[in-house]
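Listed here are the chains, written in short residue letters.
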Amino acid sequence: MARSSADDMELKRSCEAGILSKEKDRETVVMSMRVAKGRGVWGKAGKLASRHMAKPRVLAVTTKKKGQRTKAFVRVLKYSNGGVLEPAKVYKMKHLSKVEVVPNDPSGCTFLLGFDNLRSQSVSPPQWTMRNKDDRNRFLMCILNMCKEIYGAIPKVVGMDVVEMAMWAKDNTTVKVTQVSTKDGPVESLVGEADSQVAIQKDLVLQTEDEDTEALLDTYIMAIGEAEAFSERMKRELVALESANVYALMETETVVEEIEWRNNKLELQSDSNVALIDELDKMLVLLQIPPEYEASLTGGSFDEGNMVKNIEACEWLTSAIKNLEASNLDPIYVREKRAEFVLLKCTFVRRASEFLRNYFPSLIDFMLNDKGNFSQRGQLQRPDHADMRYKCRTYARLLQFIKNLDKSCLMPLRKSYCHSLNLLIRREAREFSSELRAGSKASKSSTPLFEGPASANQSISITDTTADAYCKMITSSFFAHFMCFDVAALAPSDESDNNNPVAVSEPPGSSAKPINSSAELGVLNQCLQELLDGIQEDFYAIVDWAFKLDPLSCISMHGITDRYLSGQKAEVAGYVHVLLDDLETRISILFSRFVDDACYQIEKYERNVRQIGVVPYIPRFSQLAARMEQYINGSRDLVDQAYTKIVTIMFVTLEKIAQVEPKYVDIVLLENYAAFQHSLYDLANVVPTLAKYYHQASEAYEQACSRHINLVIYIHFEKLFQFARKIEELMYNMSPEEIPFQVGMSKVDFRKMLKSSLSGLDKTINAMYRKLQKNITAEELLPSLWDKCKKEFLDKYATFLKLISKIYPSETVISVNEMKDTLASL
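Starting from 1, residues in each chain are numbered consecutively following that chain's sequence as written. Owing to the predicted nature of the model, reporting of local features is limited to residues with pLDDT of at least 70; listing and counting of side-chain atom pairs is limited to 80 or more, with chain, interface and lining totals taken over all residues. Working from all heavy atoms in the structure, the side-chain values ignore hydrogens and water.

(A) Quick peek at the overall build of the protein chain. Helix and strand counts for the protein chain stand at 28 helices and 11 strands. Of all 826 residues assigned to the protein chain, the portion counted as buried reaches 41%. Put simply, of all contacts in the protein chain between residues at least 6 apart along the chain, 69% involve residues at least 24 apart. Numbering of helices and strands starts at the N terminus; helices are DSSP runs of H or I of at least 4 residues and strands are runs of E of at least 2. Remark: exposure states derive from per-residue accessible area (1.4 Å probe, protein chains only) relative to the maximum for the residue type, with buried under 20%, exposed over 50%, and partly exposed in between. By definition in these notes, contact holds between two residues if any of their heavy atoms fall within 4.5 Å.

Set out below in C-alpha cells:
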C-alpha cells in the first residue's frame, strides 16, 4: 500500500516554504495532505447534488504563536506553473462550525468544512476528496483535536459514524509530543493521541445523544414544564414491560421442560436402535464366509482360467481379516471365527506357495528346451520374454496377496524364481555374446599406432561394429528389464512382474507400502545378485573382443556404461550397478594399457642420432586425436586423461631428442612445436584439453625462435653488440663523458668497430638470411622466421644507437630508418 501523503516530510517543507514566501510570520505545519478540490451545486432541500471538475490542492493545518496564545488555520495551497506550492486560501479554525461528509460519494472520502464567517452562504462551499478513509479520518481527527485543545470545543460533525470513528482512533493511537498552553506559557508534554481522542469521542457521542433525545421528545407533545410528568410516564411503561416479560416466562417454563424431556428420551431410544441394527449387520458380514470363496480358498485350482475367482476370494479374505482386527467386538464373541479365518489363510497360502514354487522352474525349463528362444548361427536374436512376462503377470496379483497374508513365505518363492531365471539369462547371454562376436567381420589393423599410417575407413567400420555390439549387449533383456535401459515405461498394471516376482502391483485396499527401508533393499539386491550371477563373464568377453579389434572402441564403451551408471542410484540398482561399475573399471584398465603402449612407442624413438625435421609421432598424434574424438559417446574424461598423458610424454621426449645435438636444439624444437600447432589447430578450437597444450606449444615455439634468431644475429654482428655491451657495463661505474677516455673505447676505436661491422652490410644481411635458410627443413617457416629476425635486429640496433648518442654524440652513424630500408631492399 502506498504511503500516506500526511507522512511526506518533503510535502511539509514545501508547504512551509510556500507559506513563508507570502506571510511575514513563520507558521508551523502540523499536517499537510494532498486532496482533490471540487465544488458542489445546491439541489433540493439544500443538499449538494453534484460537483464540478476536481483540481489538485494541498490542505495544510498550521499554527502560529502570538504571545501566550496559539492560533490555528486551515490553508489551501495550489501548484504554480513551475510545480511550486503557493498559498491560495486561508481559513481561521476558530470560525469552523461544521464538518460534513458528503453523502453522494459512496467511498466516504469527500467532505466539506463550514465556516460561519463566510460572506456569501449562497455559494456552495468547496468539497475536499481524500485518497482513502484513513487519510480522511486522520485529517479530520487532527482538526477536531486542535479545536478541542486550542478553543475548547469542537464543530458539529455530520454524516460520519461515531462508532466507526472511535474504532479507527483506537486502532491508530500513537504517542506524540504536543505543546500545551499553561499559565507559564506553552510547554511540551508526551501524551498519547488516545488521551485527546477520548475527549473528541465523548463530544461526538454527546452530539448523537442530543439528537436522539430531541427525536424522542418530538414523539411526546408536552410543554416545557411537564418534565416530571414525562419522567413518571417513562417509569410506568418500563415497569409494565418488564412485568409482562417475567409473567410469560414463568407461565410456559414447566410445559417446555416436559416436552423437551420426552423428545430427548425418544431421540435417544431411536439412535440406540439404529446403532444396534448397524452393528449387528456388520457382525453378520464379518462372521459369514461366502461358500464360493471358501471353495476357492480351500481346494480351488490355480489354472489361468480360475485366477479371477481366486483373486476375488483373496480380496474378500484380506478385507475380512482386516475388518475383524479393526472391530471393537469383544474377543470372546469372535474367537472361534478368528481361528477359522487364520486356518483358512494358512491353508490358502500353503497351497498357493507350493504351486508357484513348482510353476517357475517348469516355465523356465520349457523356455530352455525351445532352441528358437536363442541366437542361432548367422541369426542374432535378442532375448524375448514377452510370453514369460504375460504368464508372470497373470499370477502377480496372487503373489501380492500371498505377501500381504504371510510375508514369511516370500523368501522361498524368491529363491526359486531367481535360481530358475538365472539359468535362462546366462544361457541367453552366452548365445547372444557368441553370435555377436561371430557376426562381426571387422579385422584388426596390423600397423602399430605410432609406427605407420592409419586407415580412416577401417577405424569407422571398427567403431560401428564394436560399439554397436557392446550397446546391443548391454541394452538387451539381461539388464534392460531390471534397470529400464532403453525400455518404454509400462502402465501401472503392466509393471506387476516383468522379470521380478517381488515387483508386483498393489491390490486395491492393500496396506503394502513402497520399498524404502534399507533391510528390504538389501533383500531385493541379494535376489538381483542371485538372478544375474555369472552373466558378467559374457560381458567381459565382449569388452575384450572389442579391445582386440580396436582399442579406441573403449572410449565408446566407457561412455555407454557411464551413461547407464549415472542414471541409476547405487543403493537401488544394487548388483546391476556393481556389474556396470566392474565393466567400466575393466574398460578403463584396457584403455590405459593402450595409452601406456602409445607412450612407450613415443619414448623408444632413437635419441642418439641427430633429428632432422619433424618427428613422426607428432602428425600421427593428430590422426589419433581425430579418431578418438569420433569415438566419444557421452563423457570425455577418458579421452582427456589420455591426451594429457600422451602429449606430456611427447613434449618430454621432444626435449630429449633435441638435446642430442646442442647446436641444433632450437631448430628441432621450433620445427616440431610448429608442426604440433599446425596439425592440431582445428581440434584445439573445440577441445579444451588440446587447446591448453596448443598454447603451451606456441609459447615453446616462440622461445625457441627467439633463441635461434638471437644466435644468428650475434654471429654476424658480434663486434657491434660486444661494443654496446662494454658501454653498458662501464655506465654502471662512470658517467657517459668518461667512457671515451677508457682503453679501447675512444672515438677512433669506435670508428674502427663501426667500419668493420657495417661495411658490406648487404653481404652480411644476406649471409644472415642464408644461415637461417641452411638449417630449416620446413621451408614454410622461413618467411615468418626472417620477419622475426629483421624485427629483432632493428630493435637491437635502435638500442645500440641510443647508447652511442650518449657516449659519442658527434659521430655519424646509419639511422634506424636507413637500416630498415636496407633490410627491406634485400
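(B) How the structure looks around helix α1 (residues 9-22). Expected span of a helix: the number of residues minus one, times 1.5 Å. Between its terminal C-alpha atoms α1 stretches 21 Å, which fits the 20 Å expected from 14 residues at 1.5 Å a residue. If you check which residues of α1 are buried, you get Leu-11, Lys-12, Cys-15, Gly-18 and Ile-19. What you see down the axis of α1 is that its buried residues fit within an arc of 130°, all on one side. Under the rule applied, a polar contact is a pair of N or O atoms within 3.5 Å (in protein, one hydrogen donor and one hydrogen acceptor; residues adjacent in sequence only if both atoms are side-chain atoms). The backbone nitrogen of Glu-10 has a side-chain oxygen 3.1 Å away, supplied by the residue at the start of α1, namely Asp-8. To obtain the arc, one takes the directions from the helix axis to the C-beta atoms.

(C) Fine view of the packing of aromatic side chains. Aromatic pairs are defined between Phe, Tyr and Trp rings, using the six-membered ring for Trp, whenever the two ring centres lie within 6.5 Å; interplanar angles under 30 degrees are classed as stacked, those over 60 as edge-to-face, and all others as tilted. All chains considered together, the criterion is met by 20 aromatic pairs. Taking 5.6 Å as the distance between ring centres and 25° as the angle between the ring planes, the aromatic pair formed by Phe-355 and Tyr-359 counts as stacked. Of this pair, Phe-355 and Tyr-359 both sit in helix α8 (residues 331-369), 4 residues apart, which is roughly one turn of that helix. A relative accessible area of 14% places Tyr-359 in the buried class. Their ring planes at 25° and their centres at 6.2 Å tell us that Phe-793 and Tyr-797 sit as a pair that is stacked. Here Phe-793 and its partner Tyr-797 are both found in helix α27 (residues 782-807), 4 residues apart, which amounts to about one turn of the helix.

(D) Molecular detail of the nonpolar core. Each nonpolar core is a collection of buried residues, namely Ala, Val, Leu, Ile, Met, Phe, Trp, Tyr and Cys, held together in the definition by side-chain atoms within 4.5 Å. Phe-591, Phe-621, Phe-676 and Phe-800 are the most contacted members of the largest nonpolar core, which has 156 residues in total. In terms of residues, this core owes the most to one element, helix α18 (residues 575-603), which gives 13 residues. Counting 33 residues, the second largest nonpolar core, distinct from the first, contains Val-61, Met-93, Met-146 and Met-160.

(E) Summary view of the confidence of the model for the protein chain. Scored from 0 to 100, pLDDT reflects the predictor's confidence in each residue. In the predicted model, the protein chain carries a mean pLDDT of 76, and 77% of its residues have values of at least 70. For the protein chain, per-element mean pLDDT is lowest for strand β11 (residues 185-192), which scores 43, and highest for helix α22 (residues 681-684), which scores 92. Here residues 180-194 is a poorly scored stretch, pLDDT under 50, and it has 34 contacts once near neighbours within four places are set aside; other chains count.

(F) Representation of helix α21 (residues 665-679) in the model. For α21, which comprises 15 residues, the first-to-last C-alpha distance of 21 Å matches the rise-based estimate of 21 Å (1.5 Å per residue) to within 8%. The buried count for α21 comes to 13 of 15 residues, which makes it a mostly enclosed element.

(G) Main features of the packing of helix α6 (residues 291-299) against helix α7 (residues 307-326). Think of each axis as a best-fit line through the C-alpha atoms, taken over the contacting stretch in the case of a helix, with angles from 0 to 180 degrees between the N-to-C directions. At their nearest, the axes of α6 and α7 sit 9 Å apart, and the two run at 105° to each other. By the angle between their directions, the pair α6 and α7 is classed as roughly perpendicular. Contacts between α6 and α7 involve Tyr-293, Ser-296 and Leu-297 from the former and Lys-309, Asn-310, Glu-312, Ala-313, Cys-314, Trp-316 and Leu-317 from the latter. Within the contact of α6 with α7, the residues separate by chemical class into 6 nonpolar, 2 polar and 2 charged. Oblique is the label for every angle not falling under 35 degrees (roughly parallel), over 145 degrees (roughly antiparallel), or within 65 to 115 degrees (roughly perpendicular). Any residue outside Ala, Val, Leu, Ile, Met, Phe, Trp, Tyr, Cys, Pro, Asp, Glu, Lys and Arg is labelled polar, Gly included; the first ten of those are nonpolar and the last four are charged.

(H) How the structure looks around the side chain of Glu-671. Within the element layout of this structure, Glu-671 appears in helix α21. Within the local environment of Glu-671, its side chain forms a polar contact with the backbone nitrogen of Thr-777, the two atoms lying 2.6 Å apart.

(I) Summary view of the pairing of strand β3 (residues 55-66). When DSSP locates at least two bridges between a pair of strands, those strands are taken to pair. The pairing of β3 with strand β4 (residues 69-79) spans 9 bridges and is classified as antiparallel. Across the sheet, residue Lys-64 finds its bridge partner in β4, namely Lys-71. Hairpin connection, β3 to β4: the antiparallel pair is bridged by 2 residues, and Gly-67 has positive phi, about 70°.

(J) Structural view of the pattern of salt bridges. For salt bridges, the criterion is a side-chain nitrogen of Lys or Arg within 4 Å of an Asp or Glu carboxyl oxygen. Per the counting criterion, the structure on display carries 17 salt bridges. A salt bridge links Arg-26 to Glu-16; the nearest nitrogen and oxygen atoms lie 3.7 Å apart. In this pair, Arg-26 sits in the loop between α1 and β1 (28-42) while Glu-16 sits in helix α1, placing the two residues 10 residues apart along the sequence. Across the pair Glu-100 and Lys-98 runs a salt bridge, and its minimum N-O distance is 3.3 Å. A single salt-bridge network, built from bridges that share partners, covers Glu-629, Arg-636 and Asp-640.

(K) The arrangement of the pairing of strand β7 (residues 110-115) in detail. Of all 6 residues making up β7, 6 are buried, and the element is well covered by its neighbours. Side chains Thr-110, Leu-112 and Gly-114 project from β7 onto one buried face, and the interleaved Phe-111, Leu-113 and Phe-115 project onto a second face that is buried too. Direction of pairing for strand β6 (residues 96-101) relative to β7: antiparallel, over a ladder of 5 bridges. Following the sheet pairing, Glu-100 is matched in β7 by Leu-112. Summarising the sheet, β7 and strand β8 (residues 126-129) pair through 2 bridges and their orientation is antiparallel. Bridging from a neighbouring strand, Thr-110 pairs with Thr-129 of β8.

(L) Structural view of the environment of Asp-544. Turning to its location among the elements, Asp-544 is positioned in helix α15 (residues 536-549). A relative accessible area of 23% means that Asp-544 is categorised as partly exposed. Placed 46 residues apart in sequence, Asp-544 and Leu-590 show a C-alpha to C-alpha distance of 8.2 Å. In this view, Asp-544 contacts Arg-586 and Leu-590; residues no more than four positions away in its chain are not counted. One polar contact links Asp-544 to Arg-586, side chain to side chain, over a distance of 3.0 Å.

(M) Expanded view of the environment of His-558. Relative to the helices and strands, His-558 is located in helix α16 (residues 553-566). Taking C-alpha positions, His-558 is 6.3 Å from Ile-587, a pair spaced 29 residues apart along the chain. Once you skip the residues sitting within four places of it in the chain, His-558 turns out to touch Glu-584, Ile-587, Ser-588 and Leu-638.

(N) Looking closely at the packing of α27 against helix α28 (residues 816-825). Look at α27 against α28: their axes get within 10 Å of each other, and the N-to-C directions meet at 160°. In this view, α27 runs roughly antiparallel relative to α28, as classed from their interaxial angle. With respect to the hand of their crossing, α27 and α28 are arranged in right-handed fashion. For the pair α27 and α28, the contacting residues are Lys-790, Phe-793, Leu-794, Tyr-797, Ala-798 and Leu-801 in the first and Val-816, Met-819, Lys-820 and Leu-823 in the second. Looking at the contact of α27 with α28 residue by residue, the class counts come to 8 nonpolar, no polar and 2 charged. Each crossing gets its hand from how the near helix is turned against the far one by less than a right angle, where anticlockwise is left-handed and clockwise is right-handed.

(O) Broad picture of the environment of Ser-588. Following the sequence through the fold, Ser-588 ends up in helix α18. C-alpha of Ser-588 to C-alpha of Met-557: the two residues are 31 residues apart in sequence and 9.6 Å apart in space. In this structure, Ser-588 is in contact with His-558 and Leu-638, ignoring residues within four places of it in sequence.

(P) Highlighting a positive patch on the surface. The patches reported here contain residues having more than 30% relative accessible area and no salt bridge. Joining distances are 9 Å for like charges and 5 Å for nonpolar side chains (Val, Leu, Ile, Met, Phe, Trp, Tyr). Note on areas: Shrake-Rupley, 1.4 Å probe, and residue coverage restricted to the protein chains presented here. Positive residues here are Lys and Arg, negative ones are Asp and Glu, while His and the chain termini are left out of the count. Where a charge sits is defined by one atom per residue type, namely NZ (Lys), CZ (Arg), CG (Asp) or CD (Glu). Taken together, the side chains of Lys-66, Arg-69, Lys-92 and Lys-94 present a region of like positive charge at the surface. When you line up the elements, Lys-92 lands in strand β5 (residues 85-92). The exposure class of Lys-92 is partly exposed, given its relative accessible area of 41%.

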